[in-house]
Amino acid sequence: VKQTDQGWELMGPISEAGIDAFRPTICSNDENLQIFWDQYKNRKYEIAGGILSETDFGAVAPLGTANERWFCPDAVTDKNGQVFLTWVAMRETADKLGIADHVPFAMVGQLNPGQIEILEDHNNPDNRRIIADLREGLLAAEICKGYLGLRRNPMLSTDSAGRLWC
């Protein structure tokens, strides 16, 4: 929906017809709205979305990989209007004893024309795509106690100096 002088106007769906789309997030850079969600398509979870202007919706190329599930996006704009996203990526793992678990981690991207560029942590020796390790299960990197629930959903923020925080 969008607000006009006459009230709220339904613009119609922006996600692809017949695709399961979940957990939307929205932000604005004072020019357009940026809308993102996760979707299940062709047997994989991926991040989809794009830019909604006054007249149309410009989709960006969806992000995802066949051996990981990407979901729960969050978007923010910095003071210069640059759009950043974070999301949970999850892959399956098992140790030598056969204990199976999930490895969830936060990834971050920057919106560029027509695509989302994945940003990397060059100080992470295990996997530069991992911005925050969200493991808390049987094969956790560190022991955690209590219910983590939504605390495992990463969020982004910028400070007055323009630094991005996840």
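Scroll up to find the structure.
Residues numbered from 1 in each chain as written. Predicted model: local features only at pLDDT ≥ 70, side-chain atom pairs only at ≥ 80, totals over all residues. Heavy atoms only, no water.

A short note on the pairing of strand S7 (residues 69-77)
Burial within S7 is extensive, with 8 of its 9 residues counted as buried. The pairing of S7 with strand S8 (residues 83-94) spans 7 bridges and is classified as antiparallel. Paired with threonine 77 across the bridge in S8 is valine 83. (Buried < 20%, exposed > 50% of the residue type's maximum accessible area, 1.4 Å probe, protein only. Helix = DSSP H or I, 4+ residues; strand = E, 2+ residues; numbered from the N terminus. Pairing = 2+ DSSP bridges.)

A look at the pattern of salt bridges
Here the structure, examined in full by the defined rule, presents 7 salt bridges. In this structure, aspartate 38 and arginine 23 form a salt bridge, with 2.8 Å as the shortest nitrogen-oxygen distance. In this pair, aspartate 38 sits in strand S4 (residues 33-41) while arginine 23 sits in strand S3 (residues 20-28), placing the two residues 15 residues apart along the sequence. The class for aspartate 38 is buried, based on a relative accessible area of 0%. With a relative accessible area of 38%, arginine 23 lands in the partly exposed category. Its salt-bridge partner being glutamate 68, residue arginine 129 comes within 2.7 Å of it at the nearest N-O pair. In this pair, arginine 129 is assigned in the loop between strand S10 (115-119) and strand S11 (132-133) and glutamate 68 in the loop between strand S6 (57-59) and S7, connecting sequence segments 61 residues apart. The same class applies to arginine 129 as to glutamate 68, namely buried. (Salt bridge = Lys/Arg side-chain N within 4 Å of Asp/Glu carboxyl O.)

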